Amino acid sequence: MSPRSDAVWSAQGTTPDAIEAALRQLLIERHAENDRFMPARVLNMIAFVDRAWTGEIANRLRGVGRYHASRLIVFAYEPRRERLDARVTIASEGDPESEAIALLRETVVVEIGDRHLDDLITIADPLVVTDLPTLLWSPHGHYDIVEELLELAQAVLLDSVDEPIAREALDRVCGLTGRAYVVDLAWLRTTPWRERIAAAFDPPRLRRELNTITNVTIRHHPESTVAAMLLAGWLASRLRWRTSPLVAHGVDLVGKAHGARQDVTLRLQGAPELLVRGLEGLTVETASGRSLQLDRGAGGLRARARDPRGNVHEWTIPGASRGESGILGEGIRQALLRDPTYIPAVTVARAMLP
Amino acid sequence: MAVAAGQPTPKAEAGNPLVEGLERLPVAPTTLVIFGATGDLARRKLLPALYNLAHDGALPERFYLVGVSRKEKAHEDYRAECAEAIRRFSRRKPDEEVLKALLENVRYIPGTFDEESVYAELGKTLDEFEQEAGEPLNRAFYLATAPHFFPVIVEELGRSKLAHHAHAEVRVIIEKPFGTTLEEARELNRRVLAIFDETQVFRIDHYLGKETVQNMMAFRFANGMFEPFWNRNYIDSVQITAAEDIGIESRADYYDKAGALRDLIQNHMLQLLCHVAMEPPVSFTAEEVRNEKVKVLKSVPEPTPVEIPQIAVRAQYGPGHAGGEDVPGYLEEEGVPPDSTTETYAALRLEVDNWRWAGVPFYLRTGKRLARKVTEIAVTLKPVPHLAFSQEGSLGVQPNQLVLTLQPNEGVSLRLGAKIPGTRMIIRPVNMEFLYGTAFLSQSPEAYERLITDAMRGDATLFTRNDEVEAQWRICDPIVRTWAGTPGPLPKYPAGSQGPKEAELILREGDHWRAI
């Protein structure tokens, strides 16, 4: 592990101006100490969290490694708190003696209570680095706070599978659309699956079979229905299927979409044996009798392909699991990118809700 | 209620509608064959690159690897060697499950590269892989061997009918050096293109795979502010430096045959010059980008024997100090002949004779055992036409200088004149700096990861075209020949220094080398 060097400032009953001045001073001191200390200037991130869970959130953010926002502002909320306390940490990645540059990352934890919420934006605004994009994350709900701070943010990070009710999750995304770019961790969990379906049908001779898909089955963690809906919504939106609401069959959701040439049977199956959130596997079948099945496996996705003559081939597509911290890190990185296929997928997924 | 789904873009409609929005584009199922599979390049670069692609899920859906090398060994032993090389040289600690999945489809074929039976066995193996996969597989032959084997392997591939496939793409990836003279480069092109079509050939210059070099295109063509002054009216000179602080280490055998000019200037540094001087391409397709680079190279006049002493300098490092240690001179390095006249330092002054650049000197210099490791491009602007301030008591007003640093700290710095705080109007130069490392979250992939993927995808943008290689040699070959015909000993510079004082001789009056 690379050596780390932290500079810390803290104060009780402080003000945003004092916090901002402390940040500036600590950065000047670090740079004066060694000019290889350079502040990262990529992204602001504002996290609004319940104070009781601050440690858990800190652990999650610690796992994102190099995808740590350059300035992270954590509002630790405790309803009855009267006083505004703050702690600023300037952490260095790497050793300035041995590396070309040692990036400095800033974390500001501000402890607030109900009395600060009405004017929260006036506390947050002086703390973000001007001209850097700002990502807003509220992992414990508090949607009213998201609304309050949205003016400061260009992107909102959320995880649609956190919502127990799929419709509410997708409604929420749609409600934010147009006001901020939404980075949805549930969507990012579908990335390897989307990449693999796209690749499987990429050879020109197979591309035309995208128009002849007859069955799509998606197996998912019971709490990750939204992730399966998003994957189905992505396929439907990219392939221009007309969709109707799915129907519940026990724990499964089943329905039909209408492609240019034929109907497509969609089945979203809960996979109780899956231990982590997300998708377990999928099967895509075409009218020619071709099928592609992908499942999670050791060292990558386990693929099983059947060609129209009935020949079956099985193999592993190598790839490492990103883990939940990897997904969160990817979410932070994605705040600087734009995926034009997400909102169409959400729109279709919402229309397929039972 | 039925809903009409989102409309794919027209571009996506023409191709695969599922790739829209994906950061990683699909790569067709491929078998990669590495000739020279047990060599240094394969172990240190290619195998770790393949592992990292596998780790990121960026290899083709179906991927097979065949190693070909002289040493006799079983498939299993080769897989164990691959695993060892990956564990040792990968930029990340390998995930053992991913490594196992990658190595499942690895085979090894022993034999010399001119042996017919090797290609018969290779053909059989490629067919077996296709049967196993149940579909045709693209083939990529990576020539990671000594250069004299390149034509041998290519011709054997042709003779064995492995250079073409009725239902899949076949590509050949050729490492540098692509010839050591213009004649050799032409002859190699002739022999390669007798078997393969140019669209099948991917000549590696790993510099082009570096993010930093690609960033130069973004820097120039994604920012409107530079274009107005990017020409002879405002730019006074351009200096391109690739300095190394290390010596030749254990590469005496290679280096003494190559020298600094062939090792870095003929390929990498001329590529950098092209990136500085090229016109904006119509689009970023392989052909358009390479057309523009070739135009730049063709605009550089071929040096005549009379000009060469005025525009080219070579030297060798002598004993000196580096990193606080005494270090030997080049001639004392292990494996170097005591009478060697191979240059470890080369500097050139080139002109780009076109409308944009006529009269602007482009200085290129490279060397081993210099004061510091740095690769940079310094663009010096012309001085302001009139100075209203007194220069008394200050460092003076200096022309603006834009420095693009490629390594070690990739970034851009702009030298500006600023007033020294105080009651008098005294100016001194200050630097406005931007470092890429402070502004991006992602880690740059290794150059070979990008290049292997691009070659498997058939995207030749970052590879050198046949006419480009020959155009590079057209510039360097006269210098190589003149130097070869000029007896030594060469001028010396102390190890750890700024280079030979003779380098000053090629500078235009009033110009100076930047401190390394």
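### Description of the sheet that holds strand 4 (residues 138-143) of chain B
Residues and elements named next belong to chain B.
Next, step 1: Strand order in this open sheet of six strands is 3-2-1-4-5-6, and the pairing throughout is parallel. Strands with a single pairing partner mark the edges of an open sheet, and in this sheet they are strand 3 (106-110) and strand 6 (201-203). Across the sheet, the axes of successive neighbouring strands diverge by a mean angle of 20 degrees, strand direction being ignored.
Next, step 2: Examined bridge by bridge, strand 1 (residues 30-35) and strand 4 share six bridges and lie parallel to one another. The partner of valine 33 across the bridge, within strand 4, is phenylalanine 141.

### Points about the side chain of asparagine 52 of chain B
Residue and element names in this part refer to chain B.
Next, step 1: With respect to the helices and strands, the residue asparagine 52 is situated in helix 2 (residues 40-55).
Next, step 2: Exposure remark for asparagine 52: the relative accessible area of 1% places this residue in the buried category.
Next, step 3: A polar contact is formed between the side chain of asparagine 52 and the side chain of arginine 92, at a distance of 3.1 Å.
Next, step 4: Sequence-distant contacts of asparagine 52, that is, excluding residues within four places in its chain, are made with Ser90, Arg91, Arg92 and Glu449.

### Remarks on the interface of chain B and chain A
Next, step 1: Residue-level contacts link 51 residues of chain B with 56 residues of chain A.
Next, step 2: Summed over both partners, the interface of chain B with chain A comes to about 4,300 Å²; 57% of that surface belongs to carbon and sulfur atoms.
Next, step 3: Contact with chain A buries area across many residues of chain B, yet Leu18, Glu61 and Leu441 of chain B alone supply 20% of it, more than any other trio.
Next, step 4: Between glutamate 61 of chain B and arginine 196 of chain A there is a salt bridge; the shortest N-O distance is 2.3 Å.
Next, step 5: Along the contact surface separating chain B from chain A lie 15 residue pairs in polar contact (both at pLDDT 80 or more).

### Description of the nonpolar core
Next, step 1: Phe35 and Leu122 of chain B are the most contacted members of the largest nonpolar core, which has 154 residues in total.
Next, step 2: At 13 residues, the largest contribution of residues to this core is made by helix 9 (residues 252-277) of chain B.
Next, step 3: With residues near it in sequence (within four places) discarded, phenylalanine 35 of chain B still touches Val68, Phe113, Tyr119, Leu122, Phe141, Tyr142, Leu143, Ala144, Thr145, Ile153 and Leu157 of chain B.
Next, step 4: Within the second largest apolar cluster, 117 residues are counted, among which are Leu235, Trp241, Ala257 and Ala345 of chain A.

### Considerations on helix 3 (residues 75-89) of chain B
All names here are of chain B.
Next, step 1: Compared with an ideal rise of 1.5 Å per residue, which puts 15 residues at 21 Å, helix 3 spans 21 Å between its outermost C-alpha atoms and is within 8% of the ideal.
Next, step 2: Along helix 3, the residues classified as buried are Tyr78, Arg79, Cys82, Ala83, Ala85 and Ile86. One side of helix 3 holds all its buried residues, which, seen down the axis, span an arc of 165 degrees. Facing away from the buried side of helix 3, by more than 90 degrees, are the exposed residues Glu76 and Arg88.
Next, step 3: In this structure, the buried residues of helix 3 make contact with helix 2, strand 2 (63-69), helix 4 (96-103) and strand 3.

What counts, and at which threshold
Residue indices begin from 1 for each chain and proceed along its sequence in written order. For this description, chains carry letters from A and ligands carry numbers from 1, given in the order in which they are written. pLDDT decides what is reported in this predicted model: residues at 70 or higher carry local features, side-chain atom pairs at 80 or more are listed and counted, and totals for whole chains, interfaces and linings draw on all residues regardless. To get the side-chain values, all heavy atoms of the structure are used, and hydrogens and water are removed first. A pair of strands counts as paired when DSSP detects no fewer than two bridges linking them. Strands here are runs of E lasting at least two residues and helices are runs of H or I lasting at least four, both read from the DSSP assignment and numbered beginning at the N terminus. In this description, a line fitted to the C-alpha atoms serves as the axis of each element, helices being fitted only across the stretch in contact, and the angle between N-to-C directions of two axes falls anywhere from 0 to 180 degrees. Only protein chains enter the accessibility calculation, which uses a 1.4 Å probe; a residue whose area is less than 20% of its type maximum is buried, one above 50% is exposed, and one in between is partly exposed. As used in this structure description, the phrase polar contact means that two N or O atoms lie within 3.5 Å; if the pair is within protein, one of them must be able to donate a hydrogen and the other to accept it, and residues adjacent in sequence are counted only when both atoms belong to side chains. Here, two residues are considered to be in contact whenever any of their heavy atoms come within 4.5 Å of each other. Buried area: the accessible area, evaluated with a 1.4 Å probe, that two parts lose upon being put together, summed over both parts. Salt bridges are defined as contacts in which a side-chain nitrogen from Lys or Arg sits within 4 Å of a carboxyl oxygen from Asp or Glu. Buried Ala, Val, Leu, Ile, Met, Phe, Trp, Tyr and Cys residues that are joined via side-chain atoms within 4.5 Å together make up what is termed a nonpolar core. What a helix should span is 1.5 Å times the count of its residues minus one. The arc under discussion is defined with respect to the helix axis, by the directions toward the C-beta atoms.

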